[in-house]
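Secondary and tertiary structure notes
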Amino acid sequence: MQKTNYITTNEKKEALKLINKVRLTNKNKWYFIELTYNNKAYQIKAFGTWLQLFKLNLKFNPSVDYSNAMDQSINEYKEHILNVLD
């Protein structure tokens, strides 16, 4: 089983850089990320550029789901992440 990667940052470009670094380190493998960005908690489960699970966990509300971005180019993958983190 893959280990979970923990990322904490308040900078959007740094978050993207670190998420992409995890992707590149785990070529042809599933990867898992717990991202804390601007005091919000996100969960990511992905394979390559397929974001099978990309959720914003909210304390008192249901999660917001940004999952199933599949078969994306690397640019589309990065753009999707940046849009979610707005």
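Notes on the structure follow.

Conventions we followed
Residues numbered from 1 in each chain as written. Predicted model: local features only at pLDDT ≥ 70, side-chain atom pairs only at ≥ 80, totals over all residues. Heavy atoms only, no water. Buried < 20%, exposed > 50% of the residue type's maximum accessible area, 1.4 Å probe, protein only. Helix = DSSP H or I, 4+ residues; strand = E, 2+ residues; numbered from the N terminus. Arc of directions from axis to C-beta. Contact = heavy atoms within 4.5 Å. Core = buried A, V, L, I, M, F, W, Y, C linked by side-chain atoms within 4.5 Å. Pairing = 2+ DSSP bridges. Axes fitted to C-alpha atoms, helices over the stretch in contact; angles between N-to-C directions.

**Section: helix α2 (residues 74-84)**
Along an α-helix, a turn takes 3.6 residues, which lines up residues three or four apart on a common side. Among the residues making up α2, those that are buried are Tyr77, Ile81 and Val84. Viewed along the axis of α2, the buried residues span an arc of 65°, placing them on a single side of the element. Against α1 (12-25), β2 (30-37), β3 (40-47) and β4 (50-57) lie the buried residues of α2.

**Let's talk about the nonpolar core**
Ranked by size, the top nonpolar core spans 20 residues in total, and within it Ile19, Ile33, Leu35, Tyr42, Leu51 and Ile81 carry the most contacts. Mapped onto this core, the elements with two or more residues apiece are α1, β2, β3, β4 and α2. Beyond its immediate sequence surroundings of up to four residues, isoleucine 19 is in contact with Ile7, Ile33, Leu35, Ile44, Tyr77 and Ile81.

**Some details on the sheet that holds strand β5 (residues 64-65)**
Taken in spatial order, the 5 strands of this open sheet run β1-β2-β3-β4-β5, and their pairing is mixed. Each of the sheet's edge strands pairs with one partner strand only, and the pair in question is β1 (4-9) and β5. Sheet topology note: the β1/β2 ladder contains 6 bridges and is parallel. Bridging from a neighbouring strand, asparagine 5 pairs with isoleucine 33 of β2. Sheet contacts for α1: β1, β2 and β3; angle to β2, the most-contacted strand, approximately 165°. Along the sheet, α2 contacts β2, β3 and β4; its crossing angle with β4, the most-contacted strand, is approximately 10°.

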